[in-house]
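Analysis of the macromolecular model
For reference, the chains in residue letters:
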Amino acid sequence: MSGKADPRPAGDGSTSTRTRLDRGRGALGPALELVHTGRAPTRAVLTAELGVTRATAGAVAAELEALGLIRVDARPGAAAGSQGRPSHRLSVAEDGPVALAAQVHADGFRAALVGLGGRIVATAPGCEAVDADPAKVLASVVTAGAELLRETGRRCVGAGLAVPSAVAEPEGLALNPLHLAWPAGAPVRDIFAEQVRAAGLDGPAFAANDVNLAALAEHRHGAGRGARDLLCVATGHRGVGGALVLDGRLHRGSSGLALEVGHLTVHPEGRPCHCGSRGCLDVETDPLAFLTAAGREPGPEVSLLQQSIDLIRHHYDDPGVRTATEALIDRLGLGLAGLVNILNPDRIILGGLHRTLLDADPDRLRAVVADRSLWGQSGGVPILACTLDHNSLVGAAELAWQPVLDDPLGALT
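Residues numbered from 1 in each chain as written. Predicted model: local features only at pLDDT ≥ 70, side-chain atom pairs only at ≥ 80, totals over all residues. Heavy atoms only, no water.

Here 5 strands make up an open sheet; going across it, the order is 5-4-3-6-9 and the pairing mixed. Where the open sheet ends on each side, the last strands, each with one partner, are strand 5 (120–123) and strand 9 (205–209). Geometrically, the sheet is characterised by an average inter-axis angle of 25° between neighbouring strands, direction not taken into account. Sheet analysis places strand 3 (residues 98–105) next to strand 6 (residues 156–163), joined by 5 bridges and oriented parallel. (Pairing = 2+ DSSP bridges. Helix = DSSP H or I, 4+ residues; strand = E, 2+ residues; numbered from the N terminus. Axes fitted to C-alpha atoms, helices over the stretch in contact; angles between N-to-C directions.)

A few words now on helix 7 (residues 210–221). Given 3.6 residues per turn, any residue in an α-helix points the same way as the ones three and four places further on. Here helix 7 contains 12 residues, and its C-alpha end-to-end distance of 16 Å stays within 8% of the 16 Å for a straight helix at 1.5 Å per residue. Where burial is concerned, most of helix 7 is hidden: 12 out of the 12 residues are buried. Listed in full, the buried residues belonging to helix 7 are Asp210, Val211, Asn212, Leu213, Ala214, Ala215, Leu216, Ala217, Glu218, His219, Arg220 and His221. One side-chain oxygen of the residue at the start of helix 7 lies 3.0 Å from the amide nitrogen of Val211, identifying that residue as Asn209. (Expected span 1.5 Å × (residues − 1). Buried < 20%, exposed > 50% of the residue type's maximum accessible area, 1.4 Å probe, protein only. Polar contact = N/O pair within 3.5 Å; in protein donor to acceptor, adjacent residues only side chain to side chain.)

In this section: the pattern of salt bridges. Taken as a whole and judged by the stated rule, the model has 12 salt bridges. The partner of Glu33 in a salt bridge is Arg39, with the nearest N and O atoms 3.9 Å apart. On the accessibility criterion, Glu33 (18% relative accessible area) is buried. As a salt-bridge pair, Asp318 and Arg296 come within 3.2 Å of each other at their nearest N and O atoms. Here Asp318, found in the loop between helix 10 (304–315) and helix 11 (319–343), pairs with Arg296, found in the loop between helix 9 (287–293) and helix 10; they are 22 residues apart in sequence, far enough to count as distant. Among the residues examined, Arg296 registers a relative accessible area of 33% and is labelled partly exposed. Among the charged side chains, a salt-bridge network with shared partners connects Arg271, Glu284 and Arg331. (Salt bridge = Lys/Arg side-chain N within 4 Å of Asp/Glu carboxyl O.)

At a minimum axis separation of 10 Å, helix 10 and helix 12 (residues 353–360) run at an interaxial angle of 5°. In this view, helix 10 runs roughly parallel relative to helix 12, as classed from their interaxial angle. Judged by residue contacts, Leu305, Ser308, Ile309, Ile312 and Arg313 of helix 10 engage Leu353, Thr356, Leu357 and Ala360 from helix 12. Across the contact of helix 10 with helix 12, the residue classes break down as 6 nonpolar, 2 polar and 1 charged. (Parallel < 35°, antiparallel > 145°, perpendicular 65-115°, else oblique. Contact = heavy atoms within 4.5 Å. Nonpolar A, V, L, I, M, F, W, Y, C, P; charged D, E, K, R; others polar.)

Interpretation in functional terms is not warranted from these geometric data alone.
Have a look at this one:
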């Protein structure tokens, strides 16, 4: 500060507010991300996190509220025993814009609307049939999402798609949609974007691997919140995927294909894998592998994932089920130990059937990882269950929300 008098007329509040907002324009995106991820519940916290003055933080919060993205509660009431004036409370706008999220997996597809904060606003009934033509499937899921938007009257900021395949960048090609019977290299992002435009929806369209998106959602809103180097390993309806979040951003590799962990060998004399090897995580620790090991014939009533989860939760005292569970835990632990040695994450989260395996015998899994990994022996890495329902859907929405988080004013105006 120079100590010179301010030449502006006294009482010109609108001018000073505009000046503060101009100074804080670059803080709009970081501020929105802080509220979006729950790291700035009050204006005081927002001020400290942004490193700006209280007046600038107030102007930034007011602008985000004017855009319909957050709510500022000026009268939150002081907590018992607190001193001083309570800070304004910040929250995402419950009636604000939404992103269209879509997920396709081996046993069907689903569409949802997801607001800021990772909150699912509405979901369409899931479909259990997946056509071999990706254009037909994506047309159906976008139509379901468009109907949700009409019913709710919400503004759409964009659309995101989660698929059970590595998605190559920058082309947006699904390289190995093995469990969907889609052609290898299907241009899923372009097909999805075309269907979004055909439905008359606003905003850009994105597509990515489902486990990558689950990891992103969990890092921002779930079990991975606060981790710096987060490893996520999950098995959904078929196969196994992995993802790594570094400093809040997905590690995609040079072409979007990083962390294809499903093809780590964990049982050299095990089942043949689609990749040409044997005993990969992909075929040794997924729902079909579990049902086979437990001596159960898969039924058509519900998905393989749900059948496996129900069997462990309700029949764990059956010797065959317990033995199969322990075998999968040991193989999963071996794979995780190898990943810990290479990546040295500060947290591991498990999703799908792997989450149920962890719940069934957490001590066994953690012991295998600690015994087989250098870093595990030196103190261990926390292994937690994913906590978000439909985390791949929430992660798909995060793709669509990212341009808004980067530049709220530019994206919405």
